[in-house]
Amino acid sequence: MLGFISFWQAAAVVLNDMGSSAFYAGAIAEHFIGKTAPWFVLAIMLLAFAVQSLYFESCSMFVRGGVYRVVKEGMGSTLAKFSVSALMFDYILTGPISGVSAGLYLVGLLNELLRHAHSHFLLPVNATAALFAVLVTIYFWWENIKGIPESSEKALRIMHVTTVMVILVILWCAYTLWVRGAHLPPWPRLSNLVYSNDALGWLRHTSLPYTVGIIGVFIGLGHSVLAMSGEETMAQVYRELEHPKLPNLEKAGMVIFLYSLIFTAGVAFCAVMIVPDSVRNSFSGNPISGLVMHLAGPFSLRLALRVFVVVVGVLMLAGAVNTAIVGSNGVLNRVSEDGILPDWFRHPHRRFGTSHRILNLVVGLQLFTILLSRGNIFLLGEAYAFGVMWSFAMKGLAVLVLRYKQPGKREFRVPLNIRLGSVEIPLGVGIITATLFALCLINLFTKQVATVSGVVFTLIFFGVFSASERFTRKRGAAHTELDQFNLEPGEDLNPDTLGVRPGNVLVMFRDYNTLHNLDATLDRVDTHRQDVVVLHMRLLARAASGEYELAPEQLFSGKEQELFTRALSLAEKKGKTIHLAVAPATDKWDGILRAAQSLRSSSIVLGLSPSRQVTEEARVAGLAWERLSEPKPQLALEIYSPNGQEHVFYLGPHAPHLTLKEIKLLHNIWLELSNEVAPTELHHHDVIHFALHELLGEIRNDKREEALARLRQHLQQIKDRRGPQV
């Protein structure tokens, strides 16, 4: 099942994309709008923090709360398919732009070292960068084939190294500015904006960018949105975020915001303030390298720091390639789950259980993009941001619509909500959504390459989704929103085959509408310390004596698939790992207890039986326990009712649970008898042993019927005192 990750790992996966934009976003923005670019990068970082709140709210409503699910719930399937089609365009671009940027940093350093060695051979910049991007993409394709826990752990290690580099660069920049003096970049006024030839698109023939301040501001923001790529990945990793999910997402979000603000915006400001205008353009492909080489201090130290920066940059930008693959995989999985793409796409890898066919498709498109761009970072940068802005805007609008369609409570709500009587005005969501749509419209007219390529790509993907959906529904592949599972047949259930530890909790389930026993178990069990096995027992007719010869498909029908999907969904919501199994049996309790014995479980958890009272269920379980072969395990039987009431019984020899009344009765008997037998020492357990021995003697001689009559009378009195039982 899912290997849940910590909020540090989740933040690292997203930061490998968002944080990596510090290596190129400032330089690309300056290329289009001049030296005022750092102010716009800073504004985009603040906007990214606001957009995070949209994701917090949507994830509090839906565990799989990405753009597709939220837009579909809010505004229908057609707009959802459009939104995810646009988003896929930027996911396909994010990997190549990060990989090419990493290659540019590397080839820039290598060529610098070759020049210092007086070599006449220099590497071709764009071609080498493109080749490096191809190799990195293939490497992370394989990592994702193996699964997100491995790739997220690598992302976390990359962020550890990156943090050291960020601290060194920021502190050295601060020292340089203190020594040389500091002058902030020009304020973002119309008079300070310097547009490049390709910055205005279809607006270059008008006077609007030069005369209307708000349009100039949005043009600057539009060319800086590279700095906020990676937000959608938050929704994709939320599914695999460990318990408690939403608080961990908020922690991850704060880490992402602060890190990006300091790193991305800080580097953009320092580059303009420290690197001379005359040479800054020569480092447009690797701006942090240029910044490091113009810090105050000995050349040898600056060169050493540049080497470190390049190594870290290559690692982090390569991590952004991984993030793009993770996000694309999550988005297309969600689309496939809803029946838009055939189940064939989600067929699990036989060894790793990952959706390898979707990964192959995504990586294939990314490799094609790298080869098509030939390593031109500005071409990739200009094409970027069409889809991500439209998907963000549609998500904001969907969250706004859902405030009225589904007005119930949420674990998180975007701030700034004004209530007028019984009507709530979600001012915060409205402002964020309006800002995003304004950026979409300005980008539509100013980013020609992004608009043309983005519209074409989006329409193609939208057409593919629509045609595939019709084809899938026509064929009757109808089990939408059902997860796909690998079937691994085995002769016996044991801890090794399921990958669980002894002492696990065995949860039985038979109906996806009554999972309250699993819900209660996941609430109380720390799955880091104790594993949870969820078992569906397929009951067969007694004549089927060869049930273990059945093929796996005969034990795993559509019913089991739906059962396991619901169980998995609940586990995702709780952020806790479960282990699934299905087994045949001819008798319910014989099958359950043999499974618990084989798995070396410590407890069995059930829901209420529709045909037996709780006490009768426990009695039948106890009789079945007696028939088990040796060694018989000591087991706790926990039965949960839908309202959360728990009934606990113990199977096998165990110390009885004595009430306070029974303990007082025992103590009073001990007090009365201890003086009578003095000076012989008498203990409480001696009293119990004597009483039990006497009772055993009675039921084995001619006083048996008298003893049973008194026992029945005692049990009836207890039952009368307790009242009716569930």
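Above this text sits the structure in question.
> What's the story with empty space enclosed by the protein in this structure? I'm lost.
Where empty space is left becomes clear once a probe the size of a water molecule has been rolled over the atoms. Following the criterion strictly, the structure yields two cavities of 30 Å³ or more and no others. Approximately 60 Å³ is the volume found for the largest cavity. Lining the largest cavity are Asp17, Leu87, Asp90, Tyr91, Thr94, Ser229, Gly230, Glu231, Glu232, Thr233, Tyr384 and Val388. The element best represented in the lining of the largest cavity is helix H5 (residues 77-116), accounting for four residues. Grouping the constituent residues of the lining of the largest cavity by class yields four nonpolar, four polar and four charged.

> What should I look at first to understand the nonpolar core in this one?
A general trend in soluble globular proteins is that nonpolar side chains are found buried together. Counting 150 residues, the largest nonpolar core has Phe23, Met88, Phe263, Met389 and Leu436 as the members making the most contacts within it. A total of 15 residues in this core trace back to one element, the largest contributor, which is H5. Not counting residues up to four positions away in its chain, the partners in contact with Phe23 are Ser101, Tyr105, Met165, Phe263, Pro287, Ile288, Val309, Val312, Gly313, Met316 and Leu317. Core analysis: the next-biggest nonpolar cluster, separate from the first, contains 30 residues, Ala618, Ala621, Ala624 and Trp625 among them.

> For this particular structure, what's the right way to read a nonpolar patch on the surface?
Residues Leu416, Ile418, Leu420, Val423, Ile425, Leu427 and Ile431 make up a contiguous nonpolar surface patch of roughly 610 Å² in combined accessible area. Those elements that place two or more of their residues in the nonpolar patch are strand S1 (417-420), strand S2 (423-426) and helix H18 (427-446). Locating Leu420 in the fold gives a position in strand S1.

> Would you mind going over the packing of helix H1 (residues 7-18) against helix H14 (residues 299-337) with me for this structure?
The relative placement of two packed helices is expressed as an angle between their axes plus a distance between the axes. Between H1 and H14, whose axes approach to 7 Å, the crossing angle comes to 110 degrees. When the axis of H1 is compared with that of H14, the two are roughly perpendicular. On the side of H1, the interface is formed by Val13, Leu15, Asn16 and Asp17, while H14 contributes Leu315, Met316, Gly319, Ala320 and Thr323. Residues of the contact of H1 with H14, tallied by class, amount to five nonpolar, three polar and one charged.

> How do you make sense of the pairing of strand S5 (residues 579-585) when you look at a structure like this?
Regular strands show a simple pattern: their side chains alternate between the two faces of the sheet. Here S5 lies mainly inside the structure; six of its seven residues are buried. The sheet contact formed by strand S4 (residues 532-539) and S5 spans seven bridges and is parallel. Looking at the pairing, Arg538 lines up with Pro584 of S5.

Cut-off values and rules
Residues numbered from 1 in each chain as written. Predicted model: local features only at pLDDT ≥ 70, side-chain atom pairs only at ≥ 80, totals over all residues. Heavy atoms only, no water. 1 Å grid on protein atoms, 1.4 Å probe; cavity = no way out; pocket = protein on both sides within 12 Å on 5 of 7 lines; lining within 4 Å. Points joined across faces, edges and corners; volume = space filled by probe spheres on them. Helix = DSSP H or I, 4+ residues; strand = E, 2+ residues; numbered from the N terminus. Nonpolar A, V, L, I, M, F, W, Y, C, P; charged D, E, K, R; others polar. Core = buried A, V, L, I, M, F, W, Y, C linked by side-chain atoms within 4.5 Å. Buried < 20%, exposed > 50% of the residue type's maximum accessible area, 1.4 Å probe, protein only. Contact = heavy atoms within 4.5 Å. Patch = residues over 30% accessible without salt bridge, like charges linked within 9 Å, V, L, I, M, F, W, Y side chains within 5 Å. Areas by Shrake-Rupley, 256 points an atom, 1.4 Å probe, with all protein chains shown as cover. Salt bridge = Lys/Arg side-chain N within 4 Å of Asp/Glu carboxyl O. Axes fitted to C-alpha atoms, helices over the stretch in contact; angles between N-to-C directions. Parallel < 35°, antiparallel > 145°, perpendicular 65-115°, else oblique. Pairing = 2+ DSSP bridges.

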